[in-house]
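Here is how the chains run, residue by residue.
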Amino acid sequence: MAKKRIDVMITAFRDGFQSAYGARVLTEDFLPAVEAAVDAGLNHFEVGGGARFQSLYFYCNENAFDMMDSCRNATGQEANLQTLARGINVVGLDSQSSDIIKLHAELFKKHGITTIRNFDALNDVDNLDYSGRCIVEAGLKHEICVTLMALPPGVEGAHTPDFYINVLQNILKAEIPFDSVCFKDASGTASPDTVYQTIKRAKFILPRKTPIHFHTHETAGTSIVTYKAALEAGAIAIDCSMTPVSGGTCQPDIVIMWHALRGTEYDLGVDIKKLMKAEEIFKECMKDYIDLPEASRVEPMMLLSPMPGGALTANTQMMRDNNILDRYYEVIANMGEVVAMGGFGTSVTPVSQFYFQQAFNNVMIGPWKKIAEGYGKMVLGYFGKTPVPPNPKIVKLAQAQLNLEPTTRSPRLINDEDPAKGIQAAKKMLEEDSLPITDENIFIAATCKEKGIIFLKGDAQVAVRKKSLKKAGDTKQKAAEIPVKPEGLRSFDVYVDNEYFKVEINEPGGLPFIAQNPGIQNLYRSQNATSISSSIPAAKANLKSNSEVQLKEGETAVHAPLPGIIIRYEKKLGDQVKVGDTIAVIEAMKMNNNIDAHCDGKIIQIPFKAGSNITKGDTLCIIKCT
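The rules behind these values
- Residues numbered from 1 in each chain as written.
- Predicted model: local features only at pLDDT ≥ 70, side-chain atom pairs only at ≥ 80, totals over all residues.
- Heavy atoms only, no water.
- Helix = DSSP H or I, 4+ residues; strand = E, 2+ residues; numbered from the N terminus.
- Buried < 20%, exposed > 50% of the residue type's maximum accessible area, 1.4 Å probe, protein only.
- Contact = heavy atoms within 4.5 Å.
- Areas by Shrake-Rupley, 256 points an atom, 1.4 Å probe, with all protein chains shown as cover.
- Salt bridge = Lys/Arg side-chain N within 4 Å of Asp/Glu carboxyl O.
- Phe/Tyr/Trp six-rings, centres within 6.5 Å; stacked < 30°, edge-to-face > 60°.
- Lys NZ or Arg CZ within 6 Å of the ring centre and 35° of its normal.
- Pairing = 2+ DSSP bridges.
- pLDDT = per-residue confidence, 0-100.
- Lys, Arg positive; Asp, Glu negative; His and termini not counted.
- Polar contact = N/O pair within 3.5 Å; in protein donor to acceptor, adjacent residues only side chain to side chain.
- Right-handed = clockwise from strand over helix to strand, strands pointing away.

## As for the overall build of the protein
When its secondary structure is counted, the protein shows 23 helices and 21 strands. Of all 626 residues assigned to the protein, the portion counted as buried reaches 59%. Considering only residue pairs separated by 6 or more positions, the protein has 72% of its internal contacts joining residues 24 or more positions apart. Per element, the accessible surface of the protein, about 24,800 Å² overall, is 50% carbon and sulfur.

## Details of the pattern of salt bridges
Inspection of the entire model under this criterion finds 20 salt bridges. Through salt bridges with shared partners, one network takes in Arg14, Asp15 and Glu46.

## Structural notes on the packing of aromatic side chains
A full pass over the atoms with the stated rule returns 23 aromatic pairs. Here the aromatic residues Phe53, Tyr57, Phe65, Phe108, Phe443 and Phe455 are joined through ring pairs into a cluster of three or more. In this structure, Arg412 is placed above the aromatic ring of Tyr130, and the distance from its NZ or CZ to the ring centre is 4.2 Å.

## Describing the environment of Gly374
Its place among the elements puts Gly374 in helix α16 (residues 373–379). Accessibility expressed as a relative area gives 10% for Gly374, which makes it buried. Taking the C-alpha atoms as reference points, Gly374 and Gln357, separated by 17 residues in sequence, lie 8.2 Å from one another. With residues near it in sequence (within four places) discarded, Gly374 still touches Phe354 and Phe383.

## Points about the sheet that holds strand β16 (residues 576–577)
Strand order in this open sheet of 4 strands is β14-β21-β19-β16, and the pairing throughout is antiparallel. The two strands at the open ends of the sheet, each matched to only one other strand, are β14 (555–559) and β16. Pairing geometry for strand β19 (residues 601–605) and strand β21 (residues 619–625), over 4 bridges, is antiparallel. Residue pairing across strands places Ile603 opposite Ile623, the latter belonging to β21.

## Re the confidence of the model for the protein
Residues at a pLDDT of 70 or more form 86% of the protein, whose mean pLDDT is 86. For residues 471–547, every residue scores under 50 in pLDDT, and the model assigns this stretch 148 contacts once sequence neighbours within four places are set aside.

## Some points on the side chain of Arg72
By the element assignment, Arg72 lies in helix α4 (residues 64–75). For Arg72, which is buried and forms no salt bridge, the nearest opposite charge comes from Glu78, at a distance of 7.8 Å. One polar contact links the side chain of Arg72 to the main-chain carbonyl oxygen of Gly76, over a distance of 2.8 Å. A polar contact of 3.4 Å, which involves the side chain of Arg72, links it to the backbone oxygen of Gln77. If sequence neighbours within four positions are ignored, Arg72 has contacts with Gln77, Glu78, Ala79, Leu81, Gly112 and Thr114.

## Description of the pairing of strand β8 (residues 212–215)
Both faces of β8 are covered, namely the face carrying Ile212 and Phe214 and the face carrying His213 and His215. Handedness of the crossover joining strand β7 (residues 180–184) and β8 through helix α8 (residues 192–205): right-handed. Relative to strand β9 (residues 237–240), β8 runs parallel, the two being bridged by 2 bridges. The partner of Phe214 across the bridge, within β9, is Ile238. Handedness of the crossover joining β8 and β9 through helix α9 (residues 223–233) is recorded here as right-handed.

## A look at the pairing of strand β4 (residues 80–85)
Summarising burial for β4: 6 of the 6 residues are buried, a large majority. Burial along β4 is two-sided: Asn80, Gln82 and Leu84 and Leu81, Thr83 and Ala85, pointing in opposite directions, are all buried. Two strands pair when backbone bridges link them, and strand β3 (residues 44–49) and β4 are joined in this way by 5 bridges, in the parallel orientation. Looking at β4, one finds that Gly48 is bridged to Thr83. The pairing of β4 with strand β5 (residues 115–118) spans 4 bridges and is classified as parallel. Bridging across to β5, Thr83 finds its partner in Ile116. Note that the unit made of β4, helix α5 (residues 98–110) and β5 has a crossover that is right-handed.

Put into structure tokens, the structure is as follows:
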């Protein structure tokens, strides 16, 4: 009997990067691996969208459209190149207006994409309708999604086979055009039985021969058995990654999946020897990237607080940057309550980030003392309808703190009326900085806002975690460089007790995590450090920290309370300010933070500009107090 051919989409170059490295990977580094994968006979790749759109502008100083063009050149014209879209959010954390949603589909078609996988974290079919029609009208294949996750033990109210089938029935009733259906489990927590029952029932209500795709992660340790359950239920396509970005928070490795299906009725259609050779090339490509230990392991706590692989590593990197990684488990333990109170939206971008931000606030500030903006707007209805009504007390808190009324209107239609959104608003941003008005630039400005403008002006900086960088002469990349000493020592910039230290360590493995985790820094410094000096690292020599600023009588410095990126200065040199006036806005922990004046006076020095990477304690301005 002939075997059943299973389509495999390789996620290594999109979801793999997001899950393993927080999406911070330079294009030129991985293109040889793409070519090797094609040589091995693979022809279906996820190459962009999702976090791999904004991250290129935010952290890599690269244009995402150039990256897509490069991937198309590397694969040839026959490959199925796929990207990920977030319904009416398209590739951003915020929802967009109709004209930007339409432009998204047209531009991705223009830059070589074949298929767009389209999901909504709230499973709100209204959010999938217009975006899906735009995808089809642009001449792309539309893979519509139902998003899955498991609820914490003892929690009920959504995310059952009945729940998912109801979402699918609503998609069919809306008559949204699509080419395939994907059941997408970004946290890897949906149980094999739930997946089996859902897909089995979906087969009976979908049009005959509709391709069913299943996506999961290995984070909770059940991906292989869940993939087998999906195949047995009738799925004909699955997602796999390639080492070194497979397993753990990523998808299972395609070689391991091939092995798991040996002797069964399923065939992945790969040449295993060529495939293993391609993986060796990929490992060589990525050898300088710093592995995050939390990205490569199974995390049972995900059953209590589901979090997508990419969100997990992005959030741990932000906490590591802020020297608060020791609070990580407290934060994710709080996510179960945040999910239930917020209406059971699926923990996938952007809702997963809303959940994390709210759990973070609950731990660091106090339970429900501060409603995160995204979470608050979600429970108030500004991202669509949550699967279950959110807790009324939380809705009232969000209403009061954000000064917003609850709404049941379509977020897209609200955005169409918002003068700060859409093509015209993006054009205005470009014109104000004398930037070229192109469709690509309009889309970058609309979806990346100030940080998109910073990139287009040439002021973006690289924040990629590598042991070394190829372009050693590029000063913008030096700040991200972690040099490898010839004698085998590794060097780290560590922030301890309001001072920076350059720490050189004989590395037995895993020290990027250890060297920046305040809970165990002292232990490792005493056991493994070969030298510690209090000199400021060369990459930060032009910055002003607390200990460096020399103030004259009557002057005060406004310091950064945490590391981040300066989005913009609200005040300029020479401006008069009063206590409480916002001087600058910095992004940290994926949230914008206002930095306010703490005295009346005149700004006499601003040492940074928008787009600068800053560290905790850096001086953002000096005020001559009155």
